[in-house]
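Remarks on the overall topology
Okay, here's what each chain looks like letter by letter:
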Amino acid sequence: MINPYEGVNWQSAIRVPSATHMHIVNQENLDNGYRYGVRHFPISNYYPSAPYDANTRLSDFRLRQWWGTVRDGRRLDPPINWNDIITWEHELEEPYRRDFPFAETEPVYTDIPEDVILSHNAEHHGFTNSSAHICSPGSSFASGTFDLHWHYHLDRHGFPWGFGGTWQEGFKGMLQGLDYPDGGGITINHPTSLTRFSDDQVFEMLDFDERVLGIEIYNDTHGHKNWFKNLDDRAPDEPEEIGFSLNPWDRILSTGRRCWGFCVPDHKVEKGGNWNGRSVLLVSEFTEHNCLKAYRQGQFYGCLKDSGLTIRDFTVTDSSISVSTNLTARIKFITGAGVASTVTGDSATYELGRDNSTPEVTYVRVEVEDDSGERLFLQPVMWTTGDGRSGSE
């Protein structure tokens, strides 16, 4: 049995609001996230896809890029000063021509609260064999360039868009760049909206390494109609609420693959949104290492708002799964066959059917919702046979 919450003391655990996918490009964005309660920030900016920390300046990406790139198929080793490379400034349009040559800039963040932890992360894209957008919370790996939408014409002069290599090569770099060997990992972003993955593509990524943690099951930016050119041209498993990827999550779990589910705000952060989509980490001490270990181990639950409804206890035995909440809510137990049980109240228990001492399900996951629109998504409890295969579901 794989129970991610084994060893969690729900009564004493510190609950840390976080998110693996959020674009925070200035102090105002950070203030917005803090105002809505977030305290652990694995910031995932791109252009370039490079980690931001308390000392980051935009000139770090323009005057002293610390990671390499490729031009016309040839490797350029760091450090890279783009003032030495861009010789075509006469081609640039205003206001970008006015920015050149690049100069030293002030730090991006000027007032980081004492009770905030920043972690390395970035959103990587531009793979040669996949449309994937990938985050790597806890990794110092960097890729791409500063040239947002090719305003500085790097594309016309031999430089690739984004990572410029295969996703397998990118994953290797992200994993090698992990700051803690037992914390953080890789997340697969918005699998059913922008990138439109097939199940087999997701399976291949999850099977690449156990530190590929899972998929986004809710993305607030992609929860809006304007992210779809045609609402009739969505992923094959629709109808499903726009912004959610619960159907593919259940299909993945039914194969016996461990896959954590992430809820994220994405670009709604920088647009002054209300921060729907986050992970509540369960840690014994509020440190960066503990927060990233919670992501690795699945010791967190996803939610939309973190607005009051919470889990008081979660217990797994050989014969049952029990959950209790602080408020009356609808508690759903979900297996590969769908919703197996729904109870309205502040506690519920799901009895496990058994076949030759093996549960008759591959996994059970729990969703909790109330009338305010809040929804909680617990990580799945899973069963495998002695040879590592999934159970009998």
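Refer to the preceding data block for the structure.
Nothing here was measured: the structure is a model prediction, and the numbers come from that model.

**So, the pattern of salt bridges**
A side chain with one charge may pair with a side chain of the opposite charge, provided their charged atoms come close. For the structure on display, the rule yields 18 salt bridges. A salt bridge links arginine 330 to glutamate 369; the shortest N-O distance between them is 3.3 Å. Of this pair, arginine 330 sits in strand β14 (residues 320–335) while glutamate 369 sits in strand β18 (residues 363–369), and the two are 39 residues apart along the sequence. Taking the relative accessible area as the measure of exposure, arginine 330 reaches 26% and is therefore partly exposed. In this structure, aspartate 371 and arginine 330 form a salt bridge, with 2.9 Å as the shortest nitrogen-oxygen distance. In this pair, aspartate 371 is assigned in the loop between β18 and β19 (375–378) and arginine 330 in strand β14, connecting sequence segments 41 residues apart.

**A few points about the sheet that holds strand β9 (residues 212–219)**
Sheet architecture is open: five strands sit in the order β6-β7-β8-β9-β10, paired in mixed fashion. The open sheet has two edge strands, β6 (123–124) and β10 (260–264), and neither has a second partner. As judged from the five bridges shared by β9 and β10, these two strands associate in the parallel manner. Each residue of the ladder has a partner; that of glutamate 216, found in β10, is phenylalanine 262. Of the strands in this sheet, β6, β7 (134–135), β8 (186–188) and β9 are in contact with helix α3 (residues 167–176), which crosses β8 at around 140 degrees. The strands that helix α4 (residues 199–208) touches are β7, β8 and β9; relative to β9, the one it contacts most, it runs at about 135 degrees.

**Examining the side chain of histidine 23**
Along the chain, histidine 23 falls in the loop between β1 (14–18) and α1 (27–35). By relative accessible area, histidine 23 is classed as buried at 2%. Engagement of the side chain of histidine 23 in a polar contact is seen with the side chain of histidine 21, the distance being 3.4 Å. A distance of 3.1 Å separates the side chain of histidine 23 from the backbone oxygen of serine 44, its partner in a polar contact. When residues no more than four places from it in sequence are discounted, the contact partners of histidine 23 are Asn29, Ser44, Asn45, Tyr46, Glu123, Asp266, His267, Val269 and Glu270.

**Section: the packing of aromatic side chains**
What the rule picks out here adds up to 28 aromatic pairs. Their ring planes at 65 degrees and their centres at 5.4 Å tell us that phenylalanine 102 and tyrosine 152 sit as a pair that is edge-to-face. Of this pair, phenylalanine 102 sits in the loop between α2 (82–85) and β5 (117–119) while tyrosine 152 sits in the loop between β7 and α3, and the two are 50 residues apart along the sequence. The residues phenylalanine 102 and tyrosine 152 share a single accessibility class, namely buried. In this structure an aromatic cluster arises from ring pairing among Trp82, Tyr96, Phe100, Phe102, Phe146, Tyr152 and Phe159. It is arginine 39 that lies over the ring of tyrosine 34; its NZ or CZ is 3.6 Å from the centre. Residue placement shows arginine 257 over the ring face of phenylalanine 203; its charged tip is 4.2 Å from the ring centre.

**Observations concerning the layout of surface pockets**
One number sums up the size of the largest pocket: a volume of about 520 Å³. Taken together, 22 residues form the lining of the largest pocket, with Val25, Tyr46, Tyr47, Phe146 and Leu148 sitting closest to its centre. A breakdown of the residues in the lining of the largest pocket according to their chemical character gives 13 nonpolar, six polar and three charged. Of the pockets and cavities examined, the second largest pocket occupies roughly 260 Å³. Lining the second largest pocket are 17 residues; nearest its centre among them are Gly68, Thr69, Arg75, Ser143 and Phe163. When contributions to the lining of the second largest pocket are tallied by element, the ones reaching two or more residues are β3 (69–71) and α3. Across the lining of the second largest pocket, the residue classes break down as six nonpolar, nine polar and two charged.

Reading the values: rules and limits
Residues numbered from 1 in each chain as written. Predicted model: local features only at pLDDT ≥ 70, side-chain atom pairs only at ≥ 80, totals over all residues. Heavy atoms only, no water. Salt bridge = Lys/Arg side-chain N within 4 Å of Asp/Glu carboxyl O. Helix = DSSP H or I, 4+ residues; strand = E, 2+ residues; numbered from the N terminus. Buried < 20%, exposed > 50% of the residue type's maximum accessible area, 1.4 Å probe, protein only. Pairing = 2+ DSSP bridges. Contact = heavy atoms within 4.5 Å. Axes fitted to C-alpha atoms, helices over the stretch in contact; angles between N-to-C directions. Polar contact = N/O pair within 3.5 Å; in protein donor to acceptor, adjacent residues only side chain to side chain. Phe/Tyr/Trp six-rings, centres within 6.5 Å; stacked < 30°, edge-to-face > 60°. Lys NZ or Arg CZ within 6 Å of the ring centre and 35° of its normal. 1 Å grid on protein atoms, 1.4 Å probe; cavity = no way out; pocket = protein on both sides within 12 Å on 5 of 7 lines; lining within 4 Å. Points joined across faces, edges and corners; volume = space filled by probe spheres on them. Nonpolar A, V, L, I, M, F, W, Y, C, P; charged D, E, K, R; others polar.

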